[in-house]
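Given next are the chains, with one letter for each unit.
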Amino acid sequence: MDESEAATTSPKLGFPLPAGDEKLFSGLSTILVASIQEAKDRISQIEYVFCSQLYPDFQSKRRRIEQLEREAHETWRCTRASRSR
């Protein structure tokens, strides 16, 4: 076994890598980190849209529905009370 075939121990990983694979591993690690960062950025964008636009609209619609339910229930009670007299 000559020097080019010898496995080297990566000081950061703590396990042997075949010669030349450190560069490949480093490149793949960089791609993985970039992919994770891109996913985090997309999640942040989705969170922004939800919190600033969708959720407030949902809340206002929910309040309106609750108001209509209260009014319908009150109307029903008044109608029921007038019929029982």
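The model shown is predicted, which means the values in this text are computed figures rather than measured ones.

> In this structure, what is going on with the overall build of the protein chain? I would like to understand it.
Each helix and strand counted, the protein chain has one helix and two strands in total. Each helix (α) and strand (β) of the protein chain, taken in turn from the N terminus, gives the series β-β-α. Every one of the 85 residues in the protein chain was classed for burial, and the buried ones make up 4%. Within the structure as shown, the protein chain displays about 7,800 Å² of accessible surface, and the carbon and sulfur contribution to it stands at 59%.

> Hey, could you run me through helix 1 (residues 21-84) in this one?
The periodicity of an α-helix, 3.6 residues per turn, causes residues three or four places apart in sequence to face the same way. Given a rise of 1.5 Å per residue, 64 residues ought to cover 94 Å, and the 87 Å separating the end C-alpha atoms of helix 1 matches this to within 8%. Remark: the principal bend of helix 1, roughly 40°, maps to phenylalanine 50.

> Even after reading the chapter, I still don't get the confidence of the model for the protein chain, so can you show me in this structure?
Interpreting fine coordinate detail is not advised for predicted regions of low pLDDT. Chain-level pLDDT for the protein chain is 82 on average; 80% of the residues reach the 70-or-more range. Highest mean pLDDT in the protein chain belongs to helix 1 (90); lowest belongs to strand 1 (residues 7-9) (51). A low-confidence stretch, residues 1-7 (pLDDT under 50), is modelled with six contacts involving residues beyond four sequence positions or located in other chains.

> Help me out: how do you make sense of the packing of aromatic side chains in this one?
We describe a pair of aromatic rings using the distance from one ring centre to the other and the angle between the two ring planes. Summed over all chains, the structure comprises one aromatic pair. Between phenylalanine 50 and tyrosine 55, the aromatic rings sit 5.7 Å apart at their centres with planes inclined by 45°, giving tilted as the arrangement.

> Mind showing me how you'd approach the pattern of salt bridges here?
Using the criterion set out here, one finds four salt bridges in the structure. Among the ionic pairs, arginine 42 bridges to glutamate 38, the shortest N-O distance being 2.8 Å. On the criterion of helical spacing, the pair formed by arginine 42 and glutamate 38 is a turn pair, its members being four residues apart in helix 1.

Parameters at a glance
Residues numbered from 1 in each chain as written. Predicted model: local features only at pLDDT ≥ 70, side-chain atom pairs only at ≥ 80, totals over all residues. Heavy atoms only, no water. Helix = DSSP H or I, 4+ residues; strand = E, 2+ residues; numbered from the N terminus. Buried < 20%, exposed > 50% of the residue type's maximum accessible area, 1.4 Å probe, protein only. Areas by Shrake-Rupley, 256 points an atom, 1.4 Å probe, with all protein chains shown as cover. Expected span 1.5 Å × (residues − 1). Bend = angle between axes of the 7 residues up to and from the residue. pLDDT = per-residue confidence, 0-100. Contact = heavy atoms within 4.5 Å. Phe/Tyr/Trp six-rings, centres within 6.5 Å; stacked < 30°, edge-to-face > 60°. Salt bridge = Lys/Arg side-chain N within 4 Å of Asp/Glu carboxyl O.

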